[in-house]
Amino acid sequence: QLSLFRLTMKRLFSTSHSSVDSKEMKKFQLLAHKWWDEEGEFSALHSMNDIRVPFIRDTLLNMSSNYHLGNPLSGVKILDVGCGGGLLSEPLGRLGASVTGIDPLEDNIRTADQHKSFDPVLAKRIQYKSSSLEEIVEESMETFDVIIASEVVEHVADLETFIKCCSQVLKPEGSLFITTINKTQLSYVLGIVVAEKIIGIVPEGTHEWEKFVPPEELERLLESNGFSVKTVNGMLYNPLSGSWSWMESTSVNYAMHAVKSGAQRQSSPTDALSEMESEQPSATAGTTV
């Protein structure tokens, strides 16, 4: 009875004002069992870990004075939004973070749960939930130190709602990491025509060019919702080697790091000094491969 009531409420909620796009869910449902096939449809996401994991790790370490050798992200609470089969949640868990991975598709969560169960350490550090971001907002306000939305914002129904929700569950001065695709002619040619239709490294129909987000627009949305954008780095995928690298141009893929503004308080000279230091560009964030 109770679960039926919750299901009904879930349906009402997701159809009224949700960032979840049901069309997008149908696309990914067909692929849910393929997440951990490194040669399969998600191969580019597997290799993206080579640059996105160090980018997240080094940015966070540069902001923190607490070093835990072997577990550099120990004590950091991370929400991985649209976690899929757990491709990013797992390496973050291995770095010591306490990770909550959410995805609206139950099949994805089933795959993620099954895969983490092979590693008893990860089984303790990662918790997966079949949930929308809005549902997390309802149950946990300002809970997380870090939110990650990697290859997610180009699939959401309402980007501003999505960013507002991120802010609501993020602690003041918490970090938001986003990787996504720019909305350019080049991104259409490479991201859709080449990647999907010619070489097939991404399943056809995965992306809609209309939903791609220019970094300027994403930055404007973040700044107007209480975030300060710290880093924007271009990313380049080489389909021949199957590897990613950092680049200056953001014309196709890019990664962004933003910090939620802190609670209002009296600032002191030492605060001003530490703020100036934190605004220095990270030496490692854009170059670690």
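Fair warning: this is a prediction, and the values are worked out from it, not measured in the lab.

Colleague: Hey, could you run me through the overall build of the protein in this one?
Modeller: In terms of regular secondary structure, the protein is built from 11 helices and eight strands. Buried positions account for 49% of the 289 residues belonging to the protein. Nonlocal contacts in the protein, meaning residues at least 24 apart in sequence, comprise 73% of its contacts between residues at least 6 apart. Roughly 14,700 Å² of accessible area belongs to the protein as shown, and the carbon and sulfur atoms make up 55% of that amount.

Colleague: Please explain the packing of aromatic side chains as it appears in this structure.
Modeller: What describes a pair of aromatic rings is the distance from one ring centre to the other and the angle between the planes of the rings. Counted under the stated rule, the structure contains four aromatic pairs. Aromatic side chains Phe55 and Phe177 sit 5.7 Å apart centroid to centroid with 85° between the ring planes, which places their arrangement in the edge-to-face category. With Phe55 in helix 3 (residues 43-63) and Phe177 in strand 5 (residues 170-181), this pair connects stretches of sequence that are 122 residues apart. Comparing Phe55 with Phe177 shows no difference in burial state: the two are buried. Grouping aromatic residues by their ring pairs yields a cluster made of Phe55, Phe177 and Trp246. The cationic tip of Lys77 hangs over the ring face of Phe144; the distance from NZ or CZ to the ring centre is 5.5 Å.

Colleague: For this particular structure, what's the right way to read the environment of Met235?
Modeller: Note on placement: Met235 falls in strand 6 (residues 227-238). What makes Met235 buried here is its relative accessible area of 1%. With residues up to four places along the chain from it excluded, the contact list for Met235 reads Met48, Ile51, Thr179, Trp244, Ser245, Trp246, Met247, Ser249, Asn253, Tyr254 and Ala255.

Colleague: Would you mind going over the sheet that holds strand 6 with me for this structure?
Modeller: Two strands in a sheet stick together by hydrogen bonds in their backbones, pointing the same way (parallel) or opposite ways (antiparallel). Spatial strand order, 3-2-1-4-5-8-6-7: eight strands in an open sheet with mixed pairing. The sheet is open, and its two borders are formed by strand 3 (126-130) and strand 7 (243-247), each paired with just one other strand. Pairs of neighbouring strands in the sheet enclose a mean axial angle of 20°, with direction left out of account. One ladder, built from seven bridges, connects strand 5 with strand 8 (residues 253-260); its direction is antiparallel. Bridged to Ser175 within strand 8 is Val259. Packing against the sheet, helix 8 (residues 159-169) makes contact with strand 1 (77-81), strand 4 (144-150), strand 5, strand 6 and strand 8, and its axis sits at approximately 145° to strand 5.

Colleague: It is not clear to me how helix 10 (residues 215-224) should be interpreted in this structure. Could you clarify?
Modeller: The complete set of buried residues in helix 10 reads Pro215, Leu218, Leu221 and Leu222. The arc that holds the buried residues of helix 10, viewed along the axis, is 130°, so those residues lie on one side. In helix 10, the exposed residues that point more than 90 degrees away from the buried face are Glu216, Arg220 and Ser224. Where helix 10 is buried, its residues meet helix 8, strand 5, strand 6 and strand 8.

Colleague: How should I be thinking about helix 3 in this particular structure?
Modeller: At 3.6 residues per turn, the α-helix brings residues three or four places apart onto the same side. Taking 1.5 Å per residue as the helical rise, helix 3 with its 21 residues ought to reach 30 Å, and the 31 Å between its terminal C-alpha atoms agrees with that figure. The sharpest bend along helix 3 comes to roughly 40°, located at Asn49. Counted residue by residue, helix 3 has 17 buried out of 21 residues, so it is predominantly covered.

Colleague: I tried to follow the nonpolar core on my own but got confused; where do I start?
Modeller: Nonpolar side chains tend toward joint burial in soluble globular proteins. Formed by 36 residues in total, the largest nonpolar core has its most connected members in Leu73, Ile78, Leu92 and Ile148. Elements with a contribution of two residues or more to this core: helix 3, helix 5 (106-116), strand 3, strand 4, strand 6 and strand 7. When residues of this core are assigned to their parent elements, the largest contribution, eight residues, is made by helix 3. Discounting chain neighbours no more than four positions away, the residues touching Ile148 are Ile56, Ile78, Leu79, Asp80, Val81, Leu88, Leu92 and Phe177. Leu133, Phe144, Val153 and Phe162 belong to the second-largest nonpolar core, a separate cluster that totals 30 residues.

Colleague: Could you clarify how one ought to interpret unusual backbone geometry in this entry?
Modeller: Of note, Glu142 is a non-glycine position whose phi angle comes to about 45°, a positive value. When its relative accessible area of 42% is taken as the criterion, Glu142 is described as partly exposed. Although it is not a glycine, Glu151 adopts a positive phi angle of roughly 60°. Structurally, Glu151 can be placed in the loop between strand 4 and helix 8.

Colleague: Would you mind going over the packing of helix 8 against helix 10 with me for this structure?
Modeller: When two helices pack together, their arrangement is given by the angle between the helix axes and the distance between those axes. Packing of helix 8 against helix 10 leaves a shortest axis separation of 10 Å and a crossing angle of 45°. With respect to each other, helix 8 and helix 10 are oriented oblique. Both helix 8 and helix 10 take part in a crossing whose hand is right-handed. Along its contact with helix 8, which presents Leu159, Glu160 and Ile163, the element helix 10 presents Leu218, Leu221, Leu222 and Ser224. Class assignment for the residues of the contact of helix 8 with helix 10 results in five nonpolar, one polar and one charged.

Criteria and thresholds
Residues numbered from 1 in each chain as written. Predicted model: local features only at pLDDT ≥ 70, side-chain atom pairs only at ≥ 80, totals over all residues. Heavy atoms only, no water. Helix = DSSP H or I, 4+ residues; strand = E, 2+ residues; numbered from the N terminus. Buried < 20%, exposed > 50% of the residue type's maximum accessible area, 1.4 Å probe, protein only. Contact = heavy atoms within 4.5 Å. Areas by Shrake-Rupley, 256 points an atom, 1.4 Å probe, with all protein chains shown as cover. Phe/Tyr/Trp six-rings, centres within 6.5 Å; stacked < 30°, edge-to-face > 60°. Lys NZ or Arg CZ within 6 Å of the ring centre and 35° of its normal. Pairing = 2+ DSSP bridges. Axes fitted to C-alpha atoms, helices over the stretch in contact; angles between N-to-C directions. Arc of directions from axis to C-beta. Expected span 1.5 Å × (residues − 1). Bend = angle between axes of the 7 residues up to and from the residue. Core = buried A, V, L, I, M, F, W, Y, C linked by side-chain atoms within 4.5 Å. Parallel < 35°, antiparallel > 145°, perpendicular 65-115°, else oblique. Left-handed = near helix turned anticlockwise from the far one by under 90°. Nonpolar A, V, L, I, M, F, W, Y, C, P; charged D, E, K, R; others polar.

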